[in-house]
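Residue strings, one per chain:
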Amino acid sequence: MNLDISTLGYRWCGIHSPYLSYRDGDVVFKEGGAWVIRHGQPQPFALGQQDAVLKGHLLTGGVSVGGIGSMVLHSNGTDGVEFRFMADRNGTVATALMNTDRAAADYHSANFFMAALMNDGSVRAWGRALTGQQGTGSTGDISRTFPARVAFPPGTPRIVSITCMWDETFFIDASGGLWHAGANSDGGSPTATANPVPRRVNGVGQLPANSVVKRVFTGHDWHGYRMFACLDDAGRVYVWGNNRYGSLGLGHSTNVSTPTLVPFTADTPIREVFLSGGFHAASYLVDTQGKLWVAGEANASGFGSDQSTHRLLMPWGTEKRVKKVFCSESDGHWVAGAQYYRAYGVVLEDGSLYRWGHDSGQVGGSWGTGFTGDIWTGHALFPYKVLDGVVDAYAIAGGYGRTLALMQDGTVRHTGYNGYSIGGGGSDRSTWATIGGEFLSQVTKLRVYGSSYGSSAMALRSDGKAVGWGMGAAGQCGNGYADTANTPSRFVLIDRPIVDFSRSGTMGCGEGGEYHNGAYHFLTVDGQVMSTGNGTYAQTGDDDHDHRYAPSPILF
């Protein structure tokens, strides 16, 4: 007998994820309520009908109303079916993790702590609470095994996102309010002060009090120069932090302590921001037409001369739309003192991958074309097109060049240095190779971290399975092993679909040795958070700070 499940009703699929595949009729928790997948896209569940005789219609007593699916009761044919995801009924569960991603494949992320957004709009954090970075009011060096609630003042709208740059934590609420908690390291606080409890940033500097902030961005790399930006609902960009080479695009190179409007964005709406945060700093702004605007150091900017205001950079053709910019600036460990090996790349919406920077040092081959050698502005190959069919990509410099790319067919490719089996094991290579076999298939999210000669990678598949590889001596790969080097040949040991992951701590190598101090955190469809890896400061929830070699739950 064949049954068409779509005729039977809806399927509850838990927390919504942009990385999982759904079918029409799936119901997910998203933005504080229930949404249904229709025609491949999530739509508010049951917007209200005057008669409630069909599935998906809101029971309103004959009065048509609007709203989303958190409005209590829905009719599913003749028998009532209720889809609710509310704190007083299903408990308080996690719906999103703190974001620690940056344009650079930096070796460090959050300062040994993690936070989660809960379904009631609150935030809870665990691990290290130094300098007020958790926003709980304490500035002492506390290691929290059990998550503490972030101390927002009464009346704060529900929080919708969390972003961290080491010990600077940013929150955005449902009304577009931007909040900061943590230190003021290197000018990282947009209020120019340390904030042990969250402080609202709207109205500080040039950021208007009534502004609606949609996203916040951070920049940092091996040599540690912090850059920050936020984007409002009109596409305006406000920046603060370190301003080496005029990289913030304000026409000068003086550090900026409070949010300051990037002038040209008042008339040119921006949709994406990427900040390098390196010694050779630059900022990369993508406008709503897909055009790239760059300010900063000569080679980082791609212009061959320093730029203190943003200029249009479109050497691949003005008609082609930019999707992403990535970068890496890392030290070479084999010589005392600071070296500045660098790698830059641009992914276009059509899948083209362009590169420039160093391919010298100890190991080259990071272009994947068989050609080796540095490529900078003025080189005949600048910018060097190295691959087609790319969705996402990362490179790590440091004299051991390597690049990983997520392809449109859901596979992962590698070229360059193969240390810690980051390229799937075996020897170094100078041409692209698909890695991971059946494990790295259906991949929808790829993240790569590291420095110098150390790398860690994690991939999430559309079926909710995750694969970790590369460095993993403290169990970071979540596969039950404490292997220093891991090939992508084992799944993360979680028995339910994963909707997202994030990272805390440090992973990579440098002149001082290896850094196996990172942890990965996974959010599952039922709102549980599972952590694996280095247990320093209780960042994985272990009260003895022991490492976890397979994911274990965080107890909220």
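Everything that follows concerns the structure shown earlier in this document.
Residues numbered from 1 in each chain as written. Predicted model: local features only at pLDDT ≥ 70, side-chain atom pairs only at ≥ 80, totals over all residues. Heavy atoms only, no water.

Visitor: Looking at this model, I keep getting lost on the packing of aromatic side chains. Mind explaining?
Guide: The relative placement of two aromatic rings is captured by the distance of their centres and the angle of their planes. Counted by the stated rule, this structure contains 28 aromatic pairs. A centroid spacing of 5.4 Å and a plane angle of 45° characterise the contact between phenylalanine 112 and tyrosine 537, whose relative ring orientation is tilted. Taken together, the positions of phenylalanine 112 in the loop between β8 (94–97) and β9 (113–118) and tyrosine 537 in the loop between β40 (529–533) and β41 (548–553) put the pair 425 residues apart, joining distant regions of the chain. Overall, phenylalanine 112 belongs to the buried group, its relative accessible area being 9%. An angle of 90° between the planes, with centres 5.6 Å apart, marks the rings of phenylalanine 152 and tryptophan 179 as edge-to-face. Of this pair, phenylalanine 152 sits in the loop between β11 (143–149) and β12 (159–165) while tryptophan 179 sits in strand β14 (residues 178–182); the two residues are 27 residues apart in sequence, bridging distant segments of the chain. Of the two residues examined, phenylalanine 152 and tryptophan 179, each falls in the buried class. Within the aromatic cluster, the residues linked to one another by ring pairs are Trp334, Tyr341, Tyr400, Tyr417, Tyr420 and Tyr453. Above the ring of tyrosine 394, the side-chain terminus of lysine 324 is found at 3.5 Å from the ring centroid. Above the plane of the ring of tyrosine 481 lies arginine 490, whose end atom (NZ or CZ) is 3.7 Å from the centre. (Phe/Tyr/Trp six-rings, centres within 6.5 Å; stacked < 30°, edge-to-face > 60°. Helix = DSSP H or I, 4+ residues; strand = E, 2+ residues; numbered from the N terminus. Buried < 20%, exposed > 50% of the residue type's maximum accessible area, 1.4 Å probe, protein only. Lys NZ or Arg CZ within 6 Å of the ring centre and 35° of its normal.)

Visitor: Can you walk me through the environment of arginine 124 in this structure?
Guide: The topology assignment puts arginine 124 in strand β10 (residues 123–128). Judged by its relative accessible area of 17%, arginine 124 falls in the buried class. Arginine 124 sits 219 residues away from alanine 343 along the chain, and the two C-alpha atoms are 36 Å apart. With sequence-adjacent residues up to four places away left out, arginine 124 is seen in contact with Thr92, Met114, Ala115, Ala116, Met118, Pro147, Ala148, Arg149 and Phe556. (Contact = heavy atoms within 4.5 Å.)

Visitor: Would you explain the side chain of serine 462 in this entry?
Guide: Looking at where serine 462 falls in the secondary structure, it is placed in the loop between β33 (454–461) and β34 (466–471). Residue serine 462 is classed as buried on the basis of its relative accessible area, which comes to 17%. Sequence-distant contacts of serine 462, defined by excluding residues within four places in its chain, comprise Tyr19, Leu20, Ser21, Gln442 and Thr444.

Visitor: Which parts of the structure should I look at to understand the sheet that holds strand β31 (residues 429–435)?
Guide: Judged by pairing direction, the sheet is antiparallel, and its four strands sit side by side in the order β28-β29-β30-β31 without closing on themselves. Single-partner strands in this sheet number two, and they are β28 (390–396) and β31. The sheet shows a mean angle of 15° between the axes of neighbouring strands, taken without regard to direction. For strand β29 (residues 402–407) and strand β30 (residues 412–416), the ladder comprises five bridges, and the chain directions are antiparallel. Bridged to arginine 402 within β30 is glycine 416. (Pairing = 2+ DSSP bridges. Axes fitted to C-alpha atoms, helices over the stretch in contact; angles between N-to-C directions.)

Visitor: Would you explain the pairing of β33 in this entry?
Guide: Note on strand geometry: in a regular strand, side chains alternate between the two faces of the sheet. The buried fraction of β33 is high, at eight of eight residues. Alternating positions in β33 separate into two faces, Gly454, Ser456, Met458 and Leu460 on one and Ser455, Ala457, Ala459 and Arg461 on the other, with burial throughout. As paired elements, strand β32 (residues 443–451) and β33 share eight bridges and run antiparallel to each other. Residue glycine 450 lies in a different strand from β33, and its bridge partner there is serine 455. Bridge analysis of β33 against β34 gives five bridges, and the strand direction is antiparallel. If you follow alanine 457 over to β34, its bridge partner there is tryptophan 469. Between the end of β33 and the start of β34, which pair antiparallel, lie four residues, with glycine 464 showing a positive phi angle near 90°.

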